[in-house]
Amino acid sequence: MLGLAWTPPMIAFLVISLLILVCAIMAISFRKVIYMALAIGGVFLGCAAVYILLGAEFVGAAQILIYAGAITILIMFAIMLTNHEAEEPPAAWSVRNIAAAVGCVLLGVTLYAVIRSQSWPHGAAGADVNQGQSNPVAVGLALFQHYTVPFELVSLLLIVALVGAVILAQERKEDE
Amino acid sequence: MWDWQNASPLTGLNFVAMVVGAVVVLAIGLGVVTYTIYAERKVIGWMQGRIGPNRVGPFGLLQSIADIVKLLIKEDVVPERADRVLFLLAPVIAFIPSFMVLAVIPFSARHPFTANLAVGALYYIALSAITIHGVMLGGWASNNKYALIGGMRSAAQMLSYEVPLGLSLVGVILMAGSLNLNDIVEAQARSGWWYIVPQFLGFCVFLVAATAELNRTPFDLPEAESELVAGYHVEYTGFRFAFFMLTEYLYLFAMGGLMATLFLGGWTGPWLPGWLWFAIKVFAFIFFQFWLRATMPRIRVDQLMSFSWKVLLPLALLNLVVTAVLKAFLS
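Residues numbered from 1 in each chain as written. Chains lettered and ligands numbered in written order. Predicted model: local features only at pLDDT ≥ 70, side-chain atom pairs only at ≥ 80, totals over all residues. Heavy atoms only, no water.

Examining the overall build of chain B
Applied cut-off: Strands here mean DSSP runs of E at least two residues long; helices mean DSSP runs of H or I at least four residues long; both are numbered from the N terminus. The globule rule is 2.2 Å times the number of residues to the power 0.38, and the radius of gyration it is compared with is taken over C-alpha atoms. The buried label goes to any residue with under 20% of its type's maximum accessible area, the exposed label to any with over 50%, and the partly exposed label to all in between, with areas taken from a 1.4 Å probe on protein chains only. Residues count as neighbours in contact if any of their non-hydrogen atoms are within 4.5 Å of one another. For the accessible areas, the method is Shrake-Rupley and the probe is 1.4 Å, while residue cover comes only from the protein chains on display. Asp and Glu count as negative and Lys and Arg as positive, but His and the ends of the chain are not part of the count. Every charge is mapped to an atom, namely NZ of Lys, CZ of Arg, CG of Asp or CD of Glu.
When you go through chain B residue by residue, the secondary structure sums to 11 helices and zero strands. When the elements of chain B are put in sequence order from the N terminus, they spell out α-α-α-α-α-α-α-α-α-α-α. Taken over C-alpha atoms, the radius of gyration comes to 20 Å for chain B, in line with the 20 Å a tight globule of 331 residues would show. Considered along the principal axes of its C-alpha atoms, chain B spans approximately 60 × 50 × 45 Å. Out of the 331 residues in chain B, the part that is buried amounts to 53%. Taking contacts inside chain B between residues at least 6 apart in sequence as the whole, the part at least 24 apart equals 75%. When the accessible surface of chain B is summed, it comes to about 14,400 Å², and 71% of that surface belongs to carbon and sulfur atoms. Put simply, chain B has 20 plus and 18 minus side-chain charges, and the middle of one group is 6 Å from the middle of the other.

Spelled out as structure tokens, the structure:
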């Protein structure tokens, strides 16, 4: 049916993607900001489930730890420390909103066209992405053998961002 | 059928076995929680020169069960000005991860109900972060200033102590060379010593951070009844309150299991069967928490955060660096 192989992982994938889409739609249709934060947390969790389904357990766990855990909590902290009853005004058709909607549709059409025009590699369904090792070992070997320099550069970028955030926060405090 | 850890758990009978395993673990968890609460009241009673519960059943053994029944049949009150949906959802969000983390704890040598997950330790840390959402949303949705302060305190505390907790595990993971909790137990059995000996600094950091993560004395600020009425669950009654308590005690059990696995050799030990060794080690951790509760006063809120970031985190990093250097030079 539909040219899909109806294996249990495929059914699980369809269920998970349905949940992700439902959460994503809820995230943009809720009026209360705190509900949006919770729905985004649902999207993050769903993405983690997809990663785990694909055999990338490490990325899945990191996704839960960083996105569903830390980032959603940060969003909630920001909401709670600001306005208790934060609500979005109901949507209205202004020029800006119409332009944004047209832009979104164009972006969606472009993305769809690009994705369909690619010829994706067809791996065997049972192919082992981890090449016989456990997933964290495979990730570690790839990071420290093939991608050592980019990895170190990314860590440098993170340190710069961290120091920058500290300096920005400190300046704000001195102004007050 | 019972080999679902290594085959795909999504196919055929493996799926059934996985569901059966989850139900069995839930039953074990509920039983442990029931008698942890009884033991806590009894032990603290003895430490304070009291008798403790002794009325319901022989030696008061049915006291917790009577309490649970009472909580389950109580009226489920939702405050009028509360955010109804979040108020109802928060205990569920808090509870589910506390049960899910039990999936990777290896209870015994032959583990039909333990997921052989390659990222077990990371999985535990990641999921326990989700509980913070439930606590925070529960405090926020109650629309009560004490609940809100308790929820914020709890979220800030659990988030900051999760960092040293995670870093204190990395030393053990480096020594074992695996994130899989089953492999860590076997690596300890092979190396001939429990990791509490070479990783003593990491163990100390873990113990303090775990106590804070569990919101237990001396870090029980989120539930400081004398200053916050009760904290984030002040508006909760009946079985929703029971869910928050269940979450807390399930985490106590799970954290004991994690500590036994990482630092005390898990189910390994001479003479006795593996599951009994595991139970003894977990109970030692739980008893230690009771003992702390009967002994220590509460830490001050302004000391709490600086202790995590300025004492525990540098110690955990030092432990990590020393372990990495020693491992590189000795092997």
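Some points on the overall build of chain A
Per the secondary structure count, chain A includes six helices and zero strands. Counting helices and strands in the order they occur from the N terminus, chain A gives α-α-α-α-α-α. In chain A, once contacts between residues fewer than 6 apart in sequence are set aside, the share between residues at least 24 apart is 60%. Carbon and sulfur atoms make up 73% of the accessible area of chain A, which totals about 12,800 Å².

Section: the environment of B:Arg81
Residue and element names in this part refer to chain B. Considering the arrangement of structural elements, one finds Arg81 in the loop between α2 (63-73) and α3 (84-100). A relative accessible area of 67% places Arg81 in the exposed class. Sequence separation of Arg81 and Gly151 is 70 residues, and the distance between their C-alpha atoms is 17 Å.

A closer look at the domain arrangement of chain A
Threshold: A domain assignment, automatic or from a database, supplies the domain bounds used here.
Here the domain parsing of chain A yields domain 1 (1-86) and domain 2 (134-176). On a C-alpha basis, the centres of domain 1 of chain A and domain 2 of chain A stand 24 Å from each other.

Remarks on the interface of chain A and chain B
Heads up, the rule is: Buried area is calculated as the accessible area (1.4 Å probe) missing from two parts once they are joined, with the contributions of both summed. Think of a salt bridge as a Lys or Arg side-chain nitrogen and an Asp or Glu carboxyl oxygen that are within 4 Å of each other.
If you look at the interface, chain A gives 27 residues, while chain B gives 30 residues. Buried surface at the junction of chain A and chain B, summed over both partners, amounts to about 2,400 Å²; 84% is from carbon and sulfur atoms. In this structure, the connection of chain A to chain B is made through one salt bridge. The partner of A:Lys32 in a salt bridge is B:Asp83, with the nearest N and O atoms 3.1 Å apart.

Description of helix α5 (residues 135-146) of chain A
Residue and element names in this part refer to chain A. Spelled out, the test is: Multiply 1.5 Å by the residue count of a helix minus one, and that product is the helix's expected span. Directions drawn from the helix axis to the C-beta atoms are what define this arc.
Relative to the 16 Å expected for 12 residues at 1.5 Å per residue, α5 spans 16 Å between its end C-alpha atoms, a close match to the ideal helical length. When α5 is considered as a whole, its buried residues turn out to be Asn135, Pro136 and Ala138. The arc enclosing the buried residues of α5, seen along the axis, measures out at 165 degrees, which places them on a common side. Where α5 is buried, its residues contact α3 (57-81).

A short note on the pattern of salt bridges
Residues and elements named next belong to chain B. In the structure shown here, the tally under the stated rule is five salt bridges over all chains. Arg293 serves as the salt-bridge partner of Glu40, at 2.7 Å between the closest nitrogen and oxygen. Remark: Arg293 occurs in helix α10 (residues 274-295) and Glu40 occurs in helix α1 (residues 12-47); sequence separation between them is 253 residues. Of the residues examined, Glu40 reaches a relative accessible area of 2% and is grouped as buried. We note a salt bridge from Asp76 to Arg240, for which the minimum N-O separation is 3.1 Å. In this pair, Asp76 is assigned in the loop between α2 and α3 and Arg240 in helix α9 (residues 238-263), connecting sequence segments 164 residues apart.

Focus on the packing of aromatic side chains
The geometry of an aromatic ring pair comes down to the distance between the two centres and the angle between the two planes. Residues and elements named next belong to chain B. How we decide: Two aromatic rings from Phe, Tyr or Trp, using only the six-membered ring of Trp, form a pair when their centres are within 6.5 Å; if the ring planes differ by under 30 degrees the pair is stacked, by over 60 it is edge-to-face, and anything between is tilted.
Counted under the stated rule, the structure contains 19 aromatic pairs over all chains. Ring plane angle 35 degrees and centroid distance 6.4 Å describe the contact between Phe200 and Phe203, whose orientation is recorded as tilted. Within this pair, Phe200 and its partner Phe203 are both found in helix α7 (residues 200-213), separated by three residues, close to a single helical turn. Note on Phe203: relative accessible area 11%, which makes it buried. Between Phe203 and Phe263, the aromatic rings sit 5.4 Å apart at their centres with planes inclined by 70 degrees, giving edge-to-face as the arrangement. Note that Phe203 is positioned in helix α7 and Phe263 in helix α9, a separation of 60 residues in sequence. Accessibility expressed as a relative area gives 0% for Phe263, which makes it buried.

Describing the nonpolar core
The condition that has to hold: Among buried residues, the Ala, Val, Leu, Ile, Met, Phe, Trp, Tyr and Cys ones that are joined through side-chain atoms within 4.5 Å form a nonpolar core.
Ranked by internal contacts, the top residues of the largest apolar core, which has 75 residues, are B:Phe206, B:Met255 and B:Phe285. The element best represented in this core is α9(B), accounting for 13 residues. In this structure, B:Phe285 is in contact with B:Leu207, B:Ala210, B:Leu214, B:Leu252, B:Met255, B:Gly256 and B:Met259, ignoring residues within four places of it in sequence. Counting 26 residues, the second-largest nonpolar core is a separate cluster that includes A:Ala37, B:Ile132, B:Ala141 and B:Met152.

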